[in-house]
Amino acid sequence: MNLLRQVYRNPFVEIVLLCAVLVQIISGLKLFRINRSIAKSNFEQLHIWTGLYLAVFFIIHVSAVLGGRFLLHLDTNFYFGVAGLNAFPSNIFFIPYYALAIISFFGHVASVHSKKMKRTIFGLTANRQAEIIFVFGIPFAVLIFYGLTNHFRGIDIPEAYN
Ligand code: HEM
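Structure report, in brief. Residue indices follow the written sequence of each chain, beginning from 1 at its first position. Whole-chain, interface and lining totals are the exception, using all residues; otherwise, since this is a predicted model, local features are given only for residues with pLDDT of at least 70 and side-chain atom pairs are given and counted only at 80 or more. As a convention, hydrogens and water are excluded, and side-chain values are obtained from all of the structure's heavy atoms.

Here we look at helix 3 (residues 42-70)
Its 29 residues give helix 3 an end-to-end C-alpha distance of 41 Å, which sits within 8% of 42 Å, the value for a rise of 1.5 Å per residue. The cut-offs for exposure are 20% and 50% of the maximum accessible area for each residue type, with area from a 1.4 Å probe on protein chains only; residues under the lower value are buried, those over the upper are exposed, and the others partly exposed. Only runs of H or I of at least four residues qualify as helices and only runs of E of at least two qualify as strands under DSSP, and these elements are numbered from the N terminus. The set of residues buried in helix 3 consists of Phe 43, Leu 46, Ile 48, Thr 50, Gly 51, Leu 54, Ala 55, Phe 57, Val 62, Gly 67, Gly 68 and Arg 69. Contacts were defined at the residue level, with two residues in contact if any of their heavy atoms lie within 4.5 Å. Elements that come into contact with the buried residues of helix 3 comprise helix 2 (11-35), helix 4 (78-82), helix 5 (90-116) and helix 6 (126-149). How far a helix is expected to stretch is found by multiplying one less than its residue total by 1.5 Å.

Points about helix 2
Look at helix 2: 35 Å from first C-alpha to last across 25 residues, which is about the 36 Å you get at 1.5 Å a residue. Of all the residues in helix 2, the buried ones are Glu 14, Val 21, Ile 25, Gly 28 and Phe 32. In the core, the buried residues of helix 2 are packed alongside helix 1 (2-8) and helix 3. Polar contacts, as used here, are pairs of N or O atoms within 3.5 Å; protein pairs need one atom able to donate a hydrogen and one able to accept it. Residues neighboring in sequence count only if both atoms are side-chain atoms. Capping the start of helix 2, Asn 10 holds a side-chain oxygen 2.9 Å from the backbone nitrogen of Phe 12, two or three residues further along.

Description of the site of the ligand
It suffices for a single heavy atom of a residue to lie within 4 Å of a molecule or strand for the residue to be listed as near it. Around the ligand lies a shell of 18 residues, among which Tyr 8, Arg 9, Glu 14, His 61 and Thr 76 are the nearest. In the model, an oxygen atom of the ligand is placed 3.4 Å from a nitrogen or oxygen of the Arg 69 side chain. For the ligand, an oxygen atom lies 2.5 Å from a polar atom in the side chain of Thr 76. Elements represented by at least two residues in the shell around the ligand include exactly helix 1, helix 2, helix 3 and helix 5. Among the elements that line the shell around the ligand, the one with the most residues is helix 3, at five residues. Tallied by class, the residues present in the shell around the ligand amount to 10 nonpolar, four polar and four charged. Here the term charged refers only to Asp, Glu, Lys and Arg, the term nonpolar to Ala, Val, Leu, Ile, Met, Phe, Trp, Tyr, Cys and Pro, and the term polar to all other amino acids, Gly among them.

A closer look at the coordination of the iron atom of the ligand
Around a metal, the perfect tetrahedron of four donors has angles of 109.5 degrees, and the perfect octahedron of six donors has angles of 90 or 180 degrees. Sodium, potassium and calcium take a 3.2 Å donor cutoff, other metals 2.8 Å, and in both cases only N, O and S atoms count; water is not among them, so sites may look incomplete. Just one protein atom coordinates the iron atom of the ligand, and that atom is His 61 (NE2), at 2.0 Å. Within the secondary structure, His 61 sits in helix 3.

None of this, on its own, says anything about what the molecule does.
Put into structure tokens, the structure is as follows:
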């Protein structure tokens, strides 16, 4: 995070990133409304529902990060991100909240892939490729959760984040 912050927390890059997120939220909510009644196939359905979840997630997530930084004056570091995951009962909210965000991200990419991809790869149809992308999101989310909770050793969260 310290390394990547040099890029995404650069004021210019961060403003572009946050504007992109805002555009995603606004266009995503609009597209959800337009496509809701015309989405037929499984991937079309997955596309609109993961898009809706990502839009709502972005609103909550980015408000929390900016609120933590500018209102609570916290360093919104790793501990900020994982404090809720490592405490009961807040983890009842944070586990599905983050898991659905990661899985929605893969589901969203998979839906676009199934729509745009025209070629088979190693004999796999575009739909099968998309299924693989989507399913890959599940072990990926489990791996991230392992890193964020470190189930066997536990994580010492500094008091300020509790
Ligand atoms: C387990 C899941 C996640 C955790 C624990 C997490 C945690 C965090 C933390 C701690 C920050 C603050 C970064 C900083 O101050 O340097 C942050 C920012 C952010 N996150 Fe996440 N995040 C998660 C998932 C996601 C997902 C799935 C997305 C997008 C699809 C996302 C998009 C963002 C964005 C756009 C920011 C704002 C970056 C900025 O302020 O420049 N996050 N997240």
